[in-house]
Amino acid sequence: KDGLKKTRENFFGKFKKILSGKTLNDEIREEIEELLILSDVGFEATQYILEKLEEIKGGDPFDNLKNIIEDLLSGDNALNIPETHPFVINMVGVNGSGKTTTAGKLAALFSSQNKNVVLAACDTFRAAAIDQLKIWAERTKSSFIAHSEGADAAAVAYDAVKHAQAKSKDIVILDTAGRLHTKSNLMEELKKINRVIKKVVPDAPHEVLLVIDAVTGQNGLQQAKVFKDAVNVTGIILTKLDGTAKGGIAIAIAKELGIPIKFIGVGEKIEDLRPFNAHEFVEALLE
Ligand code: GDP
């Protein structure tokens, strides 16, 4: 997988040479620890991996490492699609994480499966965000619901879900705001969106997907905890894995957030979104 090329070339590709056919010793342990930390796996997951590696008796240490990481990354990666439509997805994350782009990529994916998508511009804080989502709606032949700049985000979400229900649309994707560093309370706004759409579809949102920029590494992980604490995040989308040599952040996220990664972004183009698969991911990193 070329989207993971940088991480593989810089860090993970080295594990095979260090571990394959070897017996663990202090020097090897230190090398592994350093490589894991450098690739953004984070302290907690690194210690966990080292302990597990020590625990396993027999087998090739390199294969053991692969298995440990795959286990860490494994979770329920499938989307929680309801029996009745509309399927409502709330996309959350800080500005710049790739939320709008990913909403567009998801709309494209669903459109290719002959699903009718509604894209809703719930980031009413920035006019540019509304315009950007509109372009994605046109590109993916999705319906587009927006109010003017400054409008109530929850009202946009409500209208989008109502529209989807009235027109028998399959999927609603809510693109929300991501201003973490202003005084107005983003988390309250997100909670209100989740509350208000239940008036139309009681079990919505079926997915709350938190978009995290892999390039921001451990910082992004800290921000993610704010979202996790505020709204019921059901899945992670890790973007820009193509733009970092530190793809180990996926492992830190899996360990520290305990929320399954459902998709990864490996480029800016419409097709650069992949369903996350722990086995494939590990194979692509540690070949
Ligand atoms: P938002 O503020 O969270 O809505 O972020 P945007 O969707 O506007 O994305 C910010 C920038 O990241 C844009 O230039 C996107 O093209 C870029 N981007 C999003 N996802 C990816 C990805 O997976 N890989 C790369 N290289 N760039 C991405």
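- For the protein, the name recorded in an unreviewed UniProt entry is Signal recognition particle receptor FtsY, with Thermosipho ferrireducens as its organism.
- In UniProt, the protein has this text filed under Subunit (unreviewed entry): "Part of the signal recognition particle protein translocation system, which is composed of SRP and FtsY."
- The protein has a UniProt comment under Sequence similarities (unreviewed entry) that states "Belongs to the GTP-binding SRP family. FtsY subfamily."

### Some points on the overall build of the protein
Piece 1. A tally of helices and strands in the protein yields 11 helices and eight strands.
Piece 2. Over its C-alpha atoms the protein spans a radius of gyration of 20 Å, differing by no more than 12% from the 19 Å that the globule rule assigns to 287 residues.
Piece 3. By principal-axis analysis of the C-alpha atoms, the protein measures approximately 65 × 40 × 30 Å.
Piece 4. Summarising the internal contacts of the protein: among those between residues at least 6 apart in sequence, 73% fall at separations of at least 24.
Piece 5. With the model as given, the accessible surface of the protein reaches about 12,900 Å², and the carbon-plus-sulfur share is 48%.
Piece 6. Positive and negative side-chain charges in the protein, numbering 37 and 41 respectively, have mean positions lying 6 Å apart.

### Overview of the pairing of strand β7 (residues 261-265)
Piece 1. With five of five residues buried, β7 lies mostly within the body of the structure.
Piece 2. Here three bridges tie strand β6 (residues 235-239) to β7, and the two strands are oriented parallel to one another. Counterpart to Ile 237 in the pairing with β7 is Phe 263.
Piece 3. You can see the chain leave β6, run along helix α10 (residues 249-257) and come back into β7, and the turn it takes is right-handed.
Piece 4. One ladder, built from three bridges, connects β7 with strand β8 (residues 273-275); its direction is antiparallel. Following the sheet pairing, Ile 264 is matched in β8 by Arg 274.

### As for unusual backbone geometry
Trans is the common state for peptide bonds, and a negative phi is the common state for residues other than glycine.
Piece 1. Looking along the chain, the bond that leaves His 85 and enters Pro 86 is cis, with omega of 0 degrees.
Piece 2. Along the polypeptide, Pro 86 turns up in the loop between α4 (61-73) and β1 (87-92).
Piece 3. Here the amide bond leading from Ala 204 into Pro 205 is cis, since omega sits at -5 degrees, within 30 degrees of zero.
Piece 4. Structurally, Pro 205 is set in the loop between α8 (186-197) and β5 (207-213).

### Regarding α8
Piece 1. With 12 residues, α8 ought to run about 16 Å at 1.5 Å a step, and its terminal C-alpha atoms sit 17 Å apart, in line with that.
Piece 2. Listing the buried residues of α8 in full gives Leu 186, Met 187, Glu 189, Leu 190, Ile 193, Asn 194, Val 196 and Ile 197.
Piece 3. At its buried positions, α8 is contacted by β1, α7 (153-166), β4 (171-175), β5 and α9 (217-230).
Piece 4. Between a side-chain oxygen at the N-terminus of α8 and the backbone nitrogen of Met 187 the separation is 3.0 Å; the capping residue is Asn 185.

### Side note on the site of the ligand
Piece 1. Neighbouring residues of the ligand: 17 residues in total, closest Gly 96, Thr 100, Thr 101, Asp 242 and Glu 268.
Piece 2. For the ligand, an oxygen atom lies 3.0 Å from a polar atom in the side chain of Gln 132.
Piece 3. For the ligand, an oxygen atom lies 2.7 Å from a polar atom in the side chain of Glu 268.
Piece 4. Across the complex, the protein chains shield 80% of the 590 Å² of accessible surface that the ligand would expose by itself.
Piece 5. Among the elements that line the shell around the ligand, the one with the most residues is helix α5 (residues 99-112), at four residues.
Piece 6. Tallied by class, the residues present in the shell around the ligand amount to two nonpolar, nine polar and six charged.

### Remarks on the packing of α7 against α8
Piece 1. Closest axis-to-axis distance for the α7/α8 pair is 8 Å, and the angle between their directions is 30 degrees. The orientation of α7 relative to α8 falls into the category roughly parallel. Seen from above, α7 lies across α8 with right-handed handedness. Residues Ala 153, Ala 154, Ala 157, Tyr 158 and Val 161 of α7 lie in contact with α8, whose contacting residues are Glu 189, Lys 192, Ile 193, Val 196 and Ile 197.
Piece 2. Per-class residue counts for the contact of α7 with α8 are eight nonpolar, no polar and two charged.

Cut-offs used in this document
Residues numbered from 1 in each chain as written. Predicted model: local features only at pLDDT ≥ 70, side-chain atom pairs only at ≥ 80, totals over all residues. Heavy atoms only, no water. UniProt positions renumbered as here; feature names shortened; annotations may be inferred. Helix = DSSP H or I, 4+ residues; strand = E, 2+ residues; numbered from the N terminus. Rg over C-alpha atoms; globule rule 2.2 N^0.38 Å. Contact = heavy atoms within 4.5 Å. Areas by Shrake-Rupley, 256 points an atom, 1.4 Å probe, with all protein chains shown as cover. Lys, Arg positive; Asp, Glu negative; His and termini not counted. Charge placed at Lys NZ, Arg CZ, Asp CG, Glu CD. Buried < 20%, exposed > 50% of the residue type's maximum accessible area, 1.4 Å probe, protein only. Pairing = 2+ DSSP bridges. Right-handed = clockwise from strand over helix to strand, strands pointing away. Expected span 1.5 Å × (residues − 1). Polar contact = N/O pair within 3.5 Å; in protein donor to acceptor, adjacent residues only side chain to side chain. Near = heavy atom within 4 Å. Nonpolar A, V, L, I, M, F, W, Y, C, P; charged D, E, K, R; others polar. Axes fitted to C-alpha atoms, helices over the stretch in contact; angles between N-to-C directions. Parallel < 35°, antiparallel > 145°, perpendicular 65-115°, else oblique. Left-handed = near helix turned anticlockwise from the far one by under 90°.

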